[in-house]
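The lines below spell out each chain.
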Amino acid sequence: MDVKEGQTKEKSLMEWTVVLLNCLALCIGTTSGPLSLRFYFVHGGSSRWLCSWLETAGWPILILPLCILYKRQPDVQHVTFHQCLAACAIGLITGVDDYMDAWGVSYLPLSTYSLLNATQLAFNAVFAFLLVRQRFTPYSINAVILLTLGSVLLAFQTKNDKPKEVTNKEYILGFLLTIGAAGLYGLILPIIELVYKGSKCRVTYALVMEMQLIMSFSATMLCTIGMVVNKDFETVASEARASDVGEVQFYVALVWNAISWQLFFIGVFGVIFLTSSLLSGILKTVFIPVTQVLAIIIYHENFSGEKGLALALALWGFASYLYGEYIKSKQPANVAELMNQRIPNHTCEFPGIVEQKSLEEAVKEKNSNTEIHTVQK
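Residues numbered from 1 in each chain as written. Predicted model: local features only at pLDDT ≥ 70, side-chain atom pairs only at ≥ 80, totals over all residues. Heavy atoms only, no water.

Trainee: Looking at this structure, I do not really get the overall build of the protein chain. What am I missing?
Mentor: Summing up its helical and strand segments, the protein chain has 17 helices and 2 strands in all. Taking all contacts inside the protein chain whose residues are at least 6 apart in sequence as the whole, residues at least 24 apart take part in 83%. Summed over its atoms, the accessible surface of the protein chain is roughly 18,000 Å², and 68% of this surface lies on carbon and sulfur atoms. (Helix = DSSP H or I, 4+ residues; strand = E, 2+ residues; numbered from the N terminus. Contact = heavy atoms within 4.5 Å. Areas by Shrake-Rupley, 256 points an atom, 1.4 Å probe, with all protein chains shown as cover.)

Trainee: Please explain the packing of aromatic side chains as it appears in this structure.
Mentor: Pairs of aromatic rings are described using the distance from one ring centre to the other and the angle between the two planes. With the rule as written, the count across this model stands at 14 aromatic pairs. Centroid distance Trp53 to Phe233: 6.1 Å. Interplanar angle 80 degrees. Geometry classified as edge-to-face. Within this pair, whereas Trp53 is found in helix 2 (residues 48-54), its partner Phe233 is found in helix 11 (residues 233-242), the two being separated by 180 residues in sequence. With relative accessibility at 43%, the residue Phe233 sits in the partly exposed group. Cluster of aromatic residues (ring-pair linked, three or more members): Tyr40, Phe41, Phe250 and Tyr251. Against the face of Trp103 rests Arg48, its NZ or CZ located 4.2 Å from the ring centre. (Phe/Tyr/Trp six-rings, centres within 6.5 Å; stacked < 30°, edge-to-face > 60°. Buried < 20%, exposed > 50% of the residue type's maximum accessible area, 1.4 Å probe, protein only. Lys NZ or Arg CZ within 6 Å of the ring centre and 35° of its normal.)

Trainee: Would you mind showing me how to read the side chain of Gln262 here?
Mentor: The topology assignment puts Gln262 in helix 12 (residues 247-274). Side chain to side chain, Gln262 and Ser216 meet in a polar contact 3.4 Å long. Sequence-distant contacts of Gln262, that is, excluding residues within four places in its chain, are made with Thr56, Gly58, Trp59, Ile61, Leu62, Gln212 and Ser216. (Polar contact = N/O pair within 3.5 Å; in protein donor to acceptor, adjacent residues only side chain to side chain.)

Trainee: Please explain empty space enclosed by the protein as it appears in this structure.
Mentor: Empty space among the atoms becomes visible once a probe the size of a water molecule is rolled across them. Tallying each qualifying case throughout the model produces 2 cavities of 30 Å³ or more. Within this model, the largest cavity holds a volume of roughly 290 Å³. For the largest cavity, the lining is made up of 28 residues, of which Tyr113, Asn117, Trp261, Phe264 and Lys284 are closest to its centre. For the lining of the largest cavity, the secondary structure elements donating two or more residues are helix 1 (2-42), helix 4 (81-107), helix 5 (110-117), helix 9 (168-197), helix 12, helix 13 (277-286) and helix 14 (288-299). Each pocket or cavity is described by its volume, and for the second largest cavity that value is around 60 Å³. (1 Å grid on protein atoms, 1.4 Å probe; cavity = no way out; pocket = protein on both sides within 12 Å on 5 of 7 lines; lining within 4 Å. Points joined across faces, edges and corners; volume = space filled by probe spheres on them.)

Trainee: Sorry, what's going on with the environment of Leu147 here?
Mentor: Inspection of the secondary structure assignment puts Leu147 in helix 7 (residues 138-155). C-alpha separation for the pair Leu147 and Phe318, spaced 171 residues apart in sequence, amounts to 8.6 Å. The residues contacting Leu147, other than those within four sequence positions of it, are Ala118, Thr119, Leu121, Ala122 and Ala314.

Trainee: Sorry if this is basic, but what is going on with the nonpolar core here?
Mentor: Grouped together as the largest cluster of nonpolar side chains are 86 residues, with contacts concentrated most on Tyr196, Val268 and Phe269. With 14 residues, helix 12 is the single largest residue contributor to this core. (Core = buried A, V, L, I, M, F, W, Y, C linked by side-chain atoms within 4.5 Å.)

Trainee: Explain the packing of helix 5 against helix 14 to me, please; I cannot follow it from the model alone.
Mentor: Two numbers describe a pair of packed helices, the interaxial angle and the distance between the axes. Orientation of helix 5 relative to helix 14, taken along the N-to-C sense of each, is 170 degrees, at an axis distance of 8 Å. Judged on the interaxial angle alone, helix 14 and helix 5 are roughly antiparallel. Every residue of helix 14 that contacts helix 5 at Leu110, Ser111, Ser114 and Leu115 is listed here: Ile288, Thr291, Gln292, Ala295 and Tyr299. Taken together, the residues of the contact of helix 5 with helix 14 sort by class into 5 nonpolar, 4 polar and no charged. (Axes fitted to C-alpha atoms, helices over the stretch in contact; angles between N-to-C directions. Parallel < 35°, antiparallel > 145°, perpendicular 65-115°, else oblique. Nonpolar A, V, L, I, M, F, W, Y, C, P; charged D, E, K, R; others polar.)

Trainee: How do you make sense of helix 6 (residues 120-131) when you look at a structure like this?
Mentor: Since the α-helix advances by 3.6 residues per turn, residues separated by three or four positions end up pointing in the same direction. Here helix 6 contains 12 residues, and its C-alpha end-to-end distance of 16 Å stays within 8% of the 16 Å for a straight helix at 1.5 Å per residue. For helix 6, the full list of buried residues reads Gln120, Leu121, Ala122, Asn124, Ala125 and Ala128. A positive phi of about 60 degrees marks Arg133, the residue just after helix 6. (Expected span 1.5 Å × (residues − 1).)

Trainee: Before we go on, may I ask you to explain the side chain of Asp98 in this structure?
Mentor: Along the chain, Asp98 turns up in helix 4. When sequence neighbours within four positions are dropped, the list of residues in contact with Asp98 reads Ser52, Glu55 and Thr56.

Trainee: What is the right way to read the packing of helix 5 against helix 9 from this model?
Mentor: Between helix 5 and helix 9, whose axes approach to 9 Å, the crossing angle comes to 35 degrees. Handedness of the crossing formed by helix 5 with helix 9: right-handed. Contact with helix 5, carried on its side by Thr112, Tyr113, Leu116 and Asn117, involves Tyr171, Phe175, Thr178, Ile179 and Ala182 of helix 9 and no other residues of that element. A breakdown of the residues in the contact of helix 5 with helix 9 according to their chemical character gives 6 nonpolar, 3 polar and no charged. (Left-handed = near helix turned anticlockwise from the far one by under 90°.)

Trainee: Would you mind showing me how to read helix 10 (residues 205-230) here?
Mentor: Given a rise of 1.5 Å per residue, 26 residues ought to cover 38 Å, and the 37 Å separating the end C-alpha atoms of helix 10 matches this to within 8%. Judged by how many residues are buried, helix 10 sits mostly within the fold: 19 of 26 residues are covered. Positive backbone phi, at 55 degrees, marks Lys231, one or two positions downstream of helix 10.

What follows is the structure, given as structure tokens:
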């Protein structure tokens, strides 16, 4: 029994390690992605399609870890045809979202952009309710209201916040497109979770990475078409030569931008698979203050009273949402609820492979653990 209990603890430790690694990747991408995008525009860049392209162009870095997973488990479950189509569709939506995002970053101060991005948590709550039956609670409703109020508050500080080279029309366009991108991203997360839940085959971490690779490739192809049509590939070299930071540093920033966003998507897909789309949205929101502080330090942006109040509302909404989920997790769930929700338990046969358990497997393990504790007593 001691050996079995030790194996259970070892698996649990492995599960948490994989979860934490994915959370770390998500947090790094959430913070450094927008900062490096803004770096491009501040130092002479002007191509929105290039920025959109960079957000998913780092997909080749997934090939090596996938090859390692295939070597360690030759009979791993691969994506089905329907999952491939779903990943392609998600990729096209992501490409559109990236393009809208790039317009927002190009016209808005990064601190304002980050605060507006916090509204994705509100959109996530609405779409999760519609698509994956995520229930509304007084806490989640409170969070939606607070995040909406924060966005409305930011809309009234145009004169004090607008960069000198940006017109009022461009600022409003960037504002609206950033809100739209946040809404589209709030839709993407529950769709990914819905694909996982609707899968008829065993969903492994390797399959999740395959879906991410297909999604990123699809989004990159869409943005590549946009760049070709707009002739943006021809302007990158001239932008690098004219950049005030030097040609080498300019290209390094572009490469790091692609890596940062791929880390972000690794974290997004992994966290949704291992936990839920809710936690993925929460982690993205909680790092808003970090991005804001770095934007003020690096780009010397103005931090007005309206931004401070909007930040307080965003953090209040985040805390409300998180507390509501904590309260809900403490409530006993009946069998019907368990059938409609993902059970947040997984098995790790070895590093990098995480498998979802069915309800029956979870019940068997719970009974097994109960027997172990009974014997020990």
